[in-house]
Amino acid sequence: MNQHVTAFNLGNADSTLVQLNSGKVVLIDYANTKTEDPDDLRCDLPKELNSRVQKDHFDVVAFTHADLDHVKGFADYFYLEHAAKYQGGDRKKITDLWVPANVILEQGCEDESRILREEARYRLR
């Protein structure tokens, strides 16, 4: 496998896949912004990732911060260790989760930023 970097078409959101020569796979941010609108040109991120990553896990998933344009839909795609409702099925596992300290320390998180905070706190323990 040759080292390969893919930046996905997500509109005003971010997600980048890095496939290393060693076979390790790194995902930086995850924002599934696709809608049901047939004219929506943004990619179907889960489908794109599954077509590129054949193994059942990512070696590293790094979130640069917890704004929705960097975390949208991640709780539907990944196997999260902190709660059974985010486990099972064909969810991709995360070997190493990287987040900035403010994701762990921030108070008043809502939506998926709260879910990311809980997963990061669980793994820190």
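Our structure is the block above this text.
Just so we're clear, the structure is a prediction, and the values are computed from it rather than from any experiment.

(A) Examining the side chain of Ser 113 more closely. Looking at the element boundaries, Ser 113 is found in helix 5 (residues 111–124). The class of Ser 113 is buried, set by a relative accessible area of 15%. For Ser 113, the side chain forms a polar contact with the main-chain oxygen of Glu 110, separated by 2.6 Å. Not counting residues within four places of it along the chain, the set of residues in contact with Ser 113 comprises Ala 66 and Val 71.

(B) Inspection of unusual backbone geometry at higher detail. Residue Asp 29 is not a glycine yet carries a positive backbone phi of 65°. Inspection of the secondary structure assignment puts Asp 29 in the loop between strand 3 (25–28) and helix 1 (45–52). For Asp 111, which is not glycine, the phi dihedral falls at a positive 55°. Structurally, the position occupied by Asp 111 is in helix 5.

(C) View of the sheet that holds strand 1 (residues 4–7). Read across the open sheet, the five strands follow the order 1-2-3-4-5; overall the sheet is mixed. Each edge of the sheet is formed by a strand with only one pairing partner; in this case those strands are strand 1 and strand 5 (93–98). On average, each strand axis in the sheet is inclined to that of its neighbour by 20°, with strand direction left out of account. Strand direction decides the pairing type here: strand 3 and strand 4 (residues 57–62), joined by three bridges, are parallel. What sits directly across from Leu 27, in strand 4, is Val 61. Against the sheet, helix 1 engages strand 1, strand 2 (16–19), strand 3 and strand 4, with an angle of about 5° to strand 2.

(D) Inspection of helix 5 at higher detail. With 14 residues, helix 5 ought to run about 20 Å at 1.5 Å a step, and its terminal C-alpha atoms sit 21 Å apart, in line with that. Buried residues along helix 5 sit in contact with helix 2 (68–71), helix 3 (74–77), strand 5 and helix 4 (101–105).

What counts and how
Residues numbered from 1 in each chain as written. Predicted model: local features only at pLDDT ≥ 70, side-chain atom pairs only at ≥ 80, totals over all residues. Heavy atoms only, no water. Helix = DSSP H or I, 4+ residues; strand = E, 2+ residues; numbered from the N terminus. Buried < 20%, exposed > 50% of the residue type's maximum accessible area, 1.4 Å probe, protein only. Polar contact = N/O pair within 3.5 Å; in protein donor to acceptor, adjacent residues only side chain to side chain. Contact = heavy atoms within 4.5 Å. Pairing = 2+ DSSP bridges. Axes fitted to C-alpha atoms, helices over the stretch in contact; angles between N-to-C directions. Expected span 1.5 Å × (residues − 1).

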